[in-house]
Amino acid sequence: MQYRHDAPYASRRSPVFARNLVATSQPLATQAGLRMLQQGGNALDAALAAAIALTVVEPTGNGIGSDAFCILWHDGKLHGLNASGRSPAGWTPERYVGHAAFPHRGWDTVTVPGAVSAWVELSRRFGQLPFERLFEPAIGYAEAGFLVSPVIAELWRRGAAELKNQPGFAATFMPDGRTPAAGELFRSPGHARTLRSIAETRGDSFYRGALALRIADFARAHGAALDEGDLADHSADWCGTIQQDFGGVSLHEIPPNGQGIAALMALGILRATGLEDLPVDGADALHLQIEAMKLAFADVYAYAADLRHMTKVTHDHLLDPGYLASRAALIDHRRAQVFGHGAPNEGGTVCLATGDADGMMVSYIQSNYSGFGSGVVVPETGISLQNRGYGFTLAEGHPNQVGPSKRPFNTIIPGFVMQNGAPLMAFGFMGGPIQAQGHVQVVVRTQVWGQDPQTAVDAPRWRHVAGLQVAVETAFPASTLGDLEARGHELVREPPDSAFGFGGAQLVRRIEGGYVGGSDPRKDGHAGGF
C-alpha cells in the first residue's frame, strides 16, 4: 500500500523517513535511542536506552517501578515478552474484605515491578551493546539534570496535587516544595544511583540485592505485603503473540493478562461490517468502530485475566471467527447500544517504536499505570512504584479476582502489524483504556484509508467511556458528531490540548529502503532517525 501524505489534519509535524528510526514521547529519550544506534547498537538497544531514559525524563507515565511488555521482529521471527509483575503472596481475597472497590493509590496497589526484568531479559537475548551502556543517557539526565518538557510539566503538576502525601513522593518529585515548570532544570541523583546499581548488577540488586531490601523494608514500614520473596520470585515470560487478520495485514498483540485482545476482537468484529467501503471520519465509519469496541470490551472485562486463571473462557474462544461474526450481527447501523458480554464458550504509560537498517523492529511499552502509579517512592532511590493492583477486581469467582502471586488485568499493550509474513509496523499507544481503542483506530486508518503514520496519529480520536458515553476530539467534522448524537451516542467533546484522555502514539512503519515514523502531537516527543 502506498500511503497518502495529504490528509487535512492540523499538525506541525511531517512524517520522518530514515534507514534507522526511533519514535518516543519525549525528545531526550529519542536522542538516547539514536545514540545507541550511532554507537553500533541495534533497534533493541535503542528501545531499551530510550525506555530507561524515559524513567527519568517522563516520570509522570513510567518509572523504575513500572511493568513492561515488548513485541519485536528479529531474524525472521516475531517475539513477545510479558514483563508484568505479580501480586504479593500476601494478597489473599481476605486482605481486601471491607473494601467497596480495589484501592487506587498507595502501597496496597503495588504489585512486583517488572520493567527492570524486561531490560535484562531483552538485552540478554537480543542486545548488541554492553548492558551498562544502555544506561548512560539516563544516568546523565538524572545526575546533570534535564529541562522538563511542557506536557510532562502539566501532568507532573496534576499528579502532585493528588499524590504529594504518599510515602516518599514529595521528597523525590517536589524537592523545593513544588513541581518543576516547563523549561526548568530537574535533577534526580537518587535515580542515577539506582540506575547505576541496576546496570552494574544486571538487575540482580533490584530483585535479590540491596535495592530489593530497600523496597521491602519501606513496604514493611508502611504495613504493606510486598517483601523480598515476592521480588526474588519474579520472572519475565516469553509468551509469543496472538493475532487478528484485517485489511490484508495481521495485528499482533500480547496475550492476556493485557487488554490487547480487545483490539483483536474489535477488528474481527469489524471484518463483518463493510467498514472498508465507508469514508474516513464519517459517522457511519466511526459508529461501527465504537460499537465494535464496546462489544469487545464487554467480553474482555468479563473474561480476561492472568492466563493461568482463564480456564472457562480462553483467548482462543474470544477470537473464534464464528463468535466474532455473531457479535458483529448485534450492531445496529443506525442506533448506539449498550452491550453485555457474550458466551464464547457456549456455542500518566510510555510507548516507543524503533527500527534499524538491518531490519530489526521493536514495539515497547512500560507504565506505572495511573500518573505516577501508586504515588509511593522509595526514599533516595528514585524508584516510583506502579499501581497495577488497581487492575484487579474484588468480584468473587471472577477470573481477575485479586489473589496471591497473580498478574492483574493490565492496560499496557505493544502493537505490531505483519503483512504476508513480513514485519510492517511497530507501534504503541499510551493512555489506559484508550490503548486498545487507539490500536483499532490506527490500524484502520493506515490499512483501510491509506494514511501514513504521522497523519494517522494527527487525526482526531474517539474514546468509549461507559454505556453510551463517548469522548471525542473537537477536530471531527461537526456534521459527523451531530450524526453520531442522532444515533444515540452521548458525546463528550474534549479539545485535545485541554485533556490527556486521548493518549499518545508512536509508530514506525517499514517502507522500501527504510522506515517512515510518526510521533503523537498530543505529547512532547518526536520521531528521529538517520
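One can find the structure itself at the top, above this paragraph.
Residues numbered from 1 in each chain as written. Predicted model: local features only at pLDDT ≥ 70, side-chain atom pairs only at ≥ 80, totals over all residues. Heavy atoms only, no water.

Examining the overall build of the chain
Secondary structure summary: the chain contains 17 helices and 21 strands in total. What you see for the chain is a C-alpha radius of gyration of 22 Å, in line with the 24 Å of a compact globule of 530 residues. As displayed, the chain offers around 18,200 Å² of accessible surface, 50% of which is attributable to carbon and sulfur atoms. Treating the 42 positive side-chain charges of the chain as one cloud and the 51 negative ones as another, the clouds have centres 2 Å apart. (Helix = DSSP H or I, 4+ residues; strand = E, 2+ residues; numbered from the N terminus. Rg over C-alpha atoms; globule rule 2.2 N^0.38 Å. Areas by Shrake-Rupley, 256 points an atom, 1.4 Å probe, with all protein chains shown as cover. Lys, Arg positive; Asp, Glu negative; His and termini not counted. Charge placed at Lys NZ, Arg CZ, Asp CG, Glu CD.)

Section: the pairing of strand S14 (residues 414-419)
Here S14 lies mainly inside the structure; five of its six residues are buried. Pairing geometry for S14 and strand S15 (residues 422-430), over six bridges, is antiparallel. Within the sheet, the bridge partner assigned to Val-417 lies in S15 and is Met-425. Counting the residues in the hairpin turn of S14 and S15 gives two residues, including Asn-420, whose phi is positive at 55°. (Buried < 20%, exposed > 50% of the residue type's maximum accessible area, 1.4 Å probe, protein only. Pairing = 2+ DSSP bridges.)

Examining the packing of helix H11 (residues 260-270) against helix H12 (residues 283-303)
Orientation of H11 relative to H12, taken along the N-to-C sense of each, is 130°, at an axis distance of 8 Å. Viewed along their axes, H11 and H12 adopt a mutual orientation that is oblique. The handedness of the crossing between H11 and H12 is right-handed. Here H11 contributes Ile-261, Ala-262, Ala-263, Met-265, Ala-266, Ile-269 and Leu-270 to the contact with H12, which in turn contributes Leu-288, Gln-289, Ala-292, Met-293, Leu-295, Ala-296, Phe-297, Asp-299 and Val-300. For the contact of H11 with H12, the residue count by class is 14 nonpolar, one polar and one charged. (Axes fitted to C-alpha atoms, helices over the stretch in contact; angles between N-to-C directions. Parallel < 35°, antiparallel > 145°, perpendicular 65-115°, else oblique. Left-handed = near helix turned anticlockwise from the far one by under 90°. Contact = heavy atoms within 4.5 Å. Nonpolar A, V, L, I, M, F, W, Y, C, P; charged D, E, K, R; others polar.)

Describing the pairing of strand S10 (residues 350-355)
One face of the sheet, then the other: side chains in a regular strand alternate in exactly this way. For S10, the buried fraction is high: six of the six residues fall into the buried class. Across the two faces of S10 the burial is the same, with Val-350, Leu-352 and Thr-354 and Cys-351, Ala-353 and Gly-355 all buried. Bridging between strand S2 (residues 21-24) and S10 involves three bridges; their strand directions are antiparallel. By the bridge assignment for S10, Val-22 is matched with Thr-354. Taken together, the six bridges between S10 and strand S11 (residues 361-367) define a ladder with antiparallel strand orientation. In the strand pairing of S11, Cys-351 is matched with Ile-365.

What to know about the sheet that holds strand S8 (residues 242-246)
If you walk across this open sheet you meet the seven strands as S1-S20-S19-S15-S14-S9-S8, and the pairing is antiparallel. Edge positions in the sheet fall to strand S1 (16-18) and S8, since each has one partner strand and no second. The mean angle between the axes of side-by-side strands here comes to 20°, regardless of whether they run parallel or antiparallel. Taken together, the three bridges between S1 and strand S20 (residues 514-519) define a ladder with antiparallel strand orientation. Note that in S20 the partner of Phe-17 across the bridge is Val-516. Together, S8 and strand S9 (249-253) form the strand contacts of H11, whose direction differs from that of S8 by roughly 25°.

Side note on the packing of aromatic side chains
Describing an aromatic ring pair means giving the distance of the ring centres and the angle of the ring planes. All chains considered together, the criterion is met by 20 aromatic pairs. Judged by centre distance (5.7 Å) and plane angle (80°), the rings of Phe-126 and Trp-238 are edge-to-face. Of this pair, Phe-126 sits in helix H3 (residues 115-126) while Trp-238 is found in strand S7 (residues 237-238), placing the two residues 112 residues apart along the sequence. A residue is classified by how much of its surface remains accessible, and Trp-238, at 29% relative accessible area, is partly exposed. Ring centres of Phe-173 and Phe-372 lie 4.9 Å apart, and the angle between their planes is 50°; this geometry places the pair in the tilted category. For the residue pair Phe-173 and Phe-372, the accessibility class agrees, reading buried in each case. Cation over ring: Arg-125 sits above Trp-238, and NZ or CZ is 4.5 Å from the ring centre. (Phe/Tyr/Trp six-rings, centres within 6.5 Å; stacked < 30°, edge-to-face > 60°. Lys NZ or Arg CZ within 6 Å of the ring centre and 35° of its normal.)

Brief notes about the nonpolar core
Counting residues in hydrophobic clusters, the biggest one holds 76 residues, and the most contacted among them are Trp-119, Phe-135 and Tyr-364. Excluding residues that lie within four positions of it along the chain, Trp-119 makes contacts with Leu-48, Ala-51, Ile-52, Thr-55, Phe-131, Phe-135, Leu-195, Ile-198, Tyr-364 and Gln-366. By size, the runner-up hydrophobic cluster in this structure holds 63 residues, among which are Leu-278, Val-440, Trp-449 and Val-472. (Core = buried A, V, L, I, M, F, W, Y, C linked by side-chain atoms within 4.5 Å.)

Details of unusual backbone geometry
For Arg-202, which is not glycine, the phi torsion reads 50° and is therefore positive. Take Arg-202: it is sitting in the loop between helix H7 (189-201) and helix H8 (204-207). For Arg-202, a relative accessible area of 36% corresponds to the partly exposed category. A positive phi angle, near 70°, is found at Asp-281, a position not held by glycine. The buried category is assigned to Asp-281, whose relative accessible area is 11%.

As for the state of the cysteines
Following the criterion strictly, the structure yields zero disulfides and no others. Cysteine Cys-351 shares no disulfide, and the gap to the nearest cysteine sulfur, in Cys-70, comes to 12 Å. (Disulfide = S-S within 2.5 Å.)

Side note on the sheet that holds strand S17 (residues 469-473)
The sheet built from three strands is open, its strands ordered S16-S17-S18 with mixed pairing. Where the open sheet ends on each side, the last strands, each with one partner, are strand S16 (462-466) and strand S18 (490-494). Averaged over all adjacent pairs, the angle separating strand axes in this sheet is 30°, with direction ignored. Bridge analysis of S16 against S17 gives four bridges, and the strand direction is antiparallel. In the sheet register, Trp-462 faces S17, and the bridge partner there is Val-472. On the sheet, H12 packs against S16 and S17 and is oriented at approximately 40° with respect to S16.

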